[in-house]
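Listed below are the residues making up each chain.
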2 protein chains.
Amino acid sequence: MNIAIVGAGGAVGREFLKLLEGGALPVDNLRLFGSERSAGSAIPFRGKPVTIELLSPESDFSGVDFALVSAGGSASLQFADVITRHGTIMVDNSSAFRMDDDVPLVVPEINGDDALNAPRRIIANPNCTTIQMVVALNALHRRWKIRRVHVATYQAASGAGAAAMQELHDQYGAISRGATPHVERFAHQLANNVIPHIDVFGDNGYTREEMKMHHETKKIMHDPELLVSATCVRVPVMRAHSEAIWVETEQPIDVAEARKAFEEAPGVVVIDQPQANRYPMPLDLAGTDPVFVGRIRRDIAGNGLSFWTVADQIRKGAALNAVQIVQYIIEHRG
Amino acid sequence: MNIAIVGAGGAVGREFLKLLEGGALPVDNLRLFGSERSAGSAIPFRGKPVTIELLSPESDFSGVDFALVSAGGSASLQFADVITRHGTIMVDNSSAFRMDDDVPLVVPEINGDDALNAPRRIIANPNCTTIQMVVALNALHRRWKIRRVHVATYQAASGAGAAAMQELHDQYGAISRGATPHVERFAHQLANNVIPHIDVFGDNGYTREEMKMHHETKKIMHDPELLVSATCVRVPVMRAHSEAIWVETEQPIDVAEARKAFEEAPGVVVIDQPQANRYPMPLDLAGTDPVFVGRIRRDIAGNGLSFWTVADQIRKGAALNAVQIVQYIIEHRG
């Protein structure tokens, strides 16, 4: 299997490499692509250096089976044709194609089969906040049918990239020295703060990040009537996202049965022993694969359930889900 | 007016003193009370040292008009009779008496008149998270009648006291030195983390902090049918709390009119210019008096409104509200 990673120098690109190094896909040949900033440098893979090629209109993807792409929306738009024209299937981590009717938007645990029908040879990876939420929702939706979702997020610095994570770390140093923290990657200082603003604001007062959770959930779950209202908030955490979620279901939901449904759901791990101070937290779970669910209880203000999820934003929220899409296609295509 | 501060050595006690120093109440004589740890030390007030007296069964509150009490629930229970027996009105910041039928639970902007009828001479100050939420809810409830509230909190270290704030600060230093942060005041490391656990868990899976928001809101707003489901989360922030709130109203609510209602509501300041990156944030608003409201928009998953609030946990969330209760009584009693 010939694989390419596009955006090899970024936080998600490096995670793709880690997953392949760990044997996630049967790689015969690996090619790496990047921007002018990273092109020319070499990254070791299985003990041998692989040089990052410059992604350009002249790049030749012939013979590449799958390209794992995380280079930003504008690069994805600009180079999708270059990447796919000789038959390569592009799994794209940007938001560029997610809502296109002829591009499947896939979380393998939920709608893996959609990945088998990609007329443009582009498959979109959902937004990190959406992936972790729908993996949990899926456990409930099949049985009780979810009608409304209210979700407040606690999103890590990693969603803004490696430099943003470094900025947060540097702010801790400044605060403990009594110096003024440097602010560049976020709109405001993140250390000692929470920022209710991720991506740009739309006319309805929601951010694009929040509307992604609304639109992408409908598409992945094949349910245009499922409504999501999100408030997305950046918090001073390094790399795993947390979400406080309330769901209103069509069928009356039982807490014990909901817990069982979570425990049996693919991709979900339940941590829910509050009396022992055990519930999912981002500091504990960074770098892990599952979507963790805890704080499972009845919604005492509605007809449904309340719970809490944590997942690593770079793994299941990005690189891992994209690799799982490729795994699904390899296993299921005719 | 003779005033006593009980718990003068704590974070809220120090804020009481600051408010009185600033002229919030007409103080003729000030007495300070504290535990064995702080008793004997002196705190300057209007340029003169006031010695902290030991709070004991022998303490004599004769002649004290109002006692501002923030010494923890067990001290409040133990000494309520000592404090009130000679006619002193006790404004208590603990949760000890809040749900007692014969103890008013008061946010002056909403139910100030309740403070005028306190048969046990005890008036309870609501929990910080409740105060900031109900001040905002009150702007909407009168006109549109709120039926359900879903709220996710982002609570600062200050809610756990001055030592907890210092622990968070020290954790930043440890992280930036590459050392292991010391954990003592919280169940888990708070820096680089969020903890979905404040106060103890009950049988229904909600914490006591979350159930306070449920029960106290009904009592303050005189509406037993108003339902609140909360997820309370500690975040690495020093002293202002934030809340993401959704309300479902009986009457259809209009976003522009809701914004106007917030702008006209006592105690509320609207900061809502998202296109200019202007919304309430805890880092900016620590040490201020109002409840700040922003991110006002339609709930696209329900029949109501979504918004975001920030307020200083120690001021409006504790000391300021207690002082305002005393102000209200002075102005309105016959």
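Thresholds, definitions, all that
Residues numbered from 1 in each chain as written. Chains lettered and ligands numbered in written order. Predicted model: local features only at pLDDT ≥ 70, side-chain atom pairs only at ≥ 80, totals over all residues. Heavy atoms only, no water. Helix = DSSP H or I, 4+ residues; strand = E, 2+ residues; numbered from the N terminus. Expected span 1.5 Å × (residues − 1). Buried < 20%, exposed > 50% of the residue type's maximum accessible area, 1.4 Å probe, protein only. Contact = heavy atoms within 4.5 Å. Salt bridge = Lys/Arg side-chain N within 4 Å of Asp/Glu carboxyl O. Polar contact = N/O pair within 3.5 Å; in protein donor to acceptor, adjacent residues only side chain to side chain. Axes fitted to C-alpha atoms, helices over the stretch in contact; angles between N-to-C directions. Parallel < 35°, antiparallel > 145°, perpendicular 65-115°, else oblique. Nonpolar A, V, L, I, M, F, W, Y, C, P; charged D, E, K, R; others polar. Pairing = 2+ DSSP bridges. Buried area = accessible area lost by both parts, 1.4 Å probe. Least-squares fit on C-alpha atoms with pLDDT ≥ 70 in both.

(A) Quick peek at helix H5 (residues 162-177) of chain A. Taking 1.5 Å as the rise per residue, H5(A) with 16 residues should run 22 Å; its terminal C-alpha atoms sit 23 Å apart, in good agreement. Of all the positions in H5(A), only A:Ala164, A:Met165, A:Glu167, A:Leu168, A:Gln171, A:Tyr172, A:Gly173, A:Ala174 and A:Ile175 are classed as buried. Considering only its buried residues, H5(A) is in contact with helix H5 (162-177) of chain B.

(B) Expanded view of the pattern of salt bridges. Applying the stated rule across the entire model yields 44 salt bridges over all chains. The partner of A:Glu216 in a salt bridge is A:Arg98, and the shortest N-O contact between them spans 3.0 Å. One end of the pair, A:Glu216, is in helix H6 (residues 208-221); the other, A:Arg98, is in the loop between strand S6 (89-92) and helix H3 (108-111), with 118 residues separating them in the sequence. The exposure classification of A:Glu216 matches that of A:Arg98, with both residues buried. Among the ionic pairs, A:Arg297 bridges to B:Glu210, the shortest N-O distance being 3.8 Å. Within this pair, whereas A:Arg297 is found in strand S12 (residues 291-298), its partner B:Glu210 is found in helix H6 (residues 208-221), the two belonging to separate chains. Each member of the pair, A:Arg297 as well as B:Glu210, is classed as buried. It is possible to trace a salt-bridge network through shared partners that takes in A:Glu15, A:Lys18, A:Arg239, A:Asp289, A:Asp312 and A:Arg315.

(C) Up close: the side chain of A:Arg147. All names here are of chain A. Position of Arg147 relative to the elements: it lies in strand S8 (residues 146-154). A distance of 3.3 Å separates the side chain of Arg147 from the side chain of Glu250, its partner in a polar contact. Aside from chain neighbours lying at most four places away, what touches Arg147 is Asp223, Glu225, Leu226, Leu227, Glu248, Thr249 and Glu250.

(D) Geometry of the packing of helix H4 (residues 128-144) of chain B against helix H9 (residues 315-332) of chain B. Residue and element names in this part refer to chain B. The N-to-C vectors of H4 and H9 enclose an angle of 85 degrees; their axes lie 8 Å apart at closest approach. As the angle between them shows, H4 and H9 are arranged roughly perpendicular. Residues Cys128, Ile131 and Val135 of H4 form the contact with H9, whose participating residues are Lys316, Gly317, Ala318 and Asn321. Classifying every residue of the contact of H4 with H9 by side-chain character gives 4 nonpolar, 2 polar and 1 charged.

(E) A look at the pairing of strand S2 (residues 29-34) of chain B. Residue and element names in this part refer to chain B. Taking burial as the measure, the 6 residues of S2 include 5 buried ones, the bulk of the element. Bridge count for strand S1 (residues 2-6) against S2 is 5 bridges, and the pairing is parallel. Each bridged residue has a counterpart across the sheet, and for Ile3 the counterpart in S2 is Leu30. In this structure, S2 lies alongside strand S4 (residues 48-54), joined through 3 bridges in parallel fashion. Across the sheet, residue Gly34 finds its bridge partner in S4, namely Leu54.

(F) Up close: the interface of chain A and chain B. Tallying the contact residues gives 63 residues for chain A and 63 residues for chain B. Of the roughly 5200 Å² buried at the junction of chain A and chain B (both faces included), carbon and sulfur atoms supply 61%. Applying the counting rule to chain A against chain B returns 35 residue pairs in polar contact (both at pLDDT 80 or more). If you list the elements that add at least two residues to the side of chain A that touches chain B, you get S8, H5, H6, strand S9 (227-231), strand S10 (240-249), helix H8 (282-285), S12 and strand S13 (304-312) of chain A.

(G) Molecular detail of the relation of the copies chain A and chain B. After a rotation of 180 degrees and a shift along the axis of 0.0 Å, chain A superposes on chain B with an RMSD of 0.0 Å. Look at the turn and shift together and you get a two-fold axis relating the two. Closest to the rotation axis within chain A is the C-alpha of A:Tyr172, separated from it by 2.5 Å. A shared binding surface is used by both copies, with 100% of the interface residues of chain A retained as interface residues in chain B.

(H) Representation of the pairing of strand S4 (residues 48-54) of chain A in the model. Pairing of strand S3 (residues 42-45) of chain A with S4(A), which is carried by 4 bridges, proceeds in the antiparallel orientation. The residue of S4(A) that forms the bridge with A:Ala42 is A:Thr51.

(I) Region of the structure containing the sheet that holds strand S6 (residues 89-92) of chain B. Residues and elements named next belong to chain B. Across the sheet, 7 strands lie side by side as S3-S4-S2-S1-S5-S6-S7; this open sheet has mixed pairing. The outermost strands of the open sheet, each flanked by one partner alone, are strand S3 (42-45) and strand S7 (122-124). With strand direction ignored, the average angle separating the axes of adjacent strands in the sheet is 25 degrees. Summarising the sheet, S6 and S7 pair through 3 bridges and their orientation is parallel. In the strand pairing of S7, Val91 is matched with Ile123. Packing against the sheet, helix H1 (residues 11-21) makes contact with S1, S2, S3 and strand S5 (66-69), and its axis sits at approximately 25 degrees to S3. The sheet strands contacting H9 are S5, S6 and S7, and the helix crosses S5 at an angle near 160 degrees.

(J) Representation of H6(A) in the model. With 14 residues, H6(A) should cover 20 Å at 1.5 Å per step; its first-to-last C-alpha distance of 20 Å lies within 8% of that length. Within H6(A), 11 of the 14 residues are buried, leaving the element largely enclosed by the surrounding structure. Along H6(A), the residues classified as buried are A:Glu209, A:Glu210, A:Met211, A:Lys212, A:Met213, A:His214, A:Glu216, A:Thr217, A:Lys218, A:Ile220 and A:Met221. For H6(A), the elements touching its buried residues are H3, helix H4 (128-144), S8, S9 and S10 of chain A together with strand S12 (291-298) of chain B.

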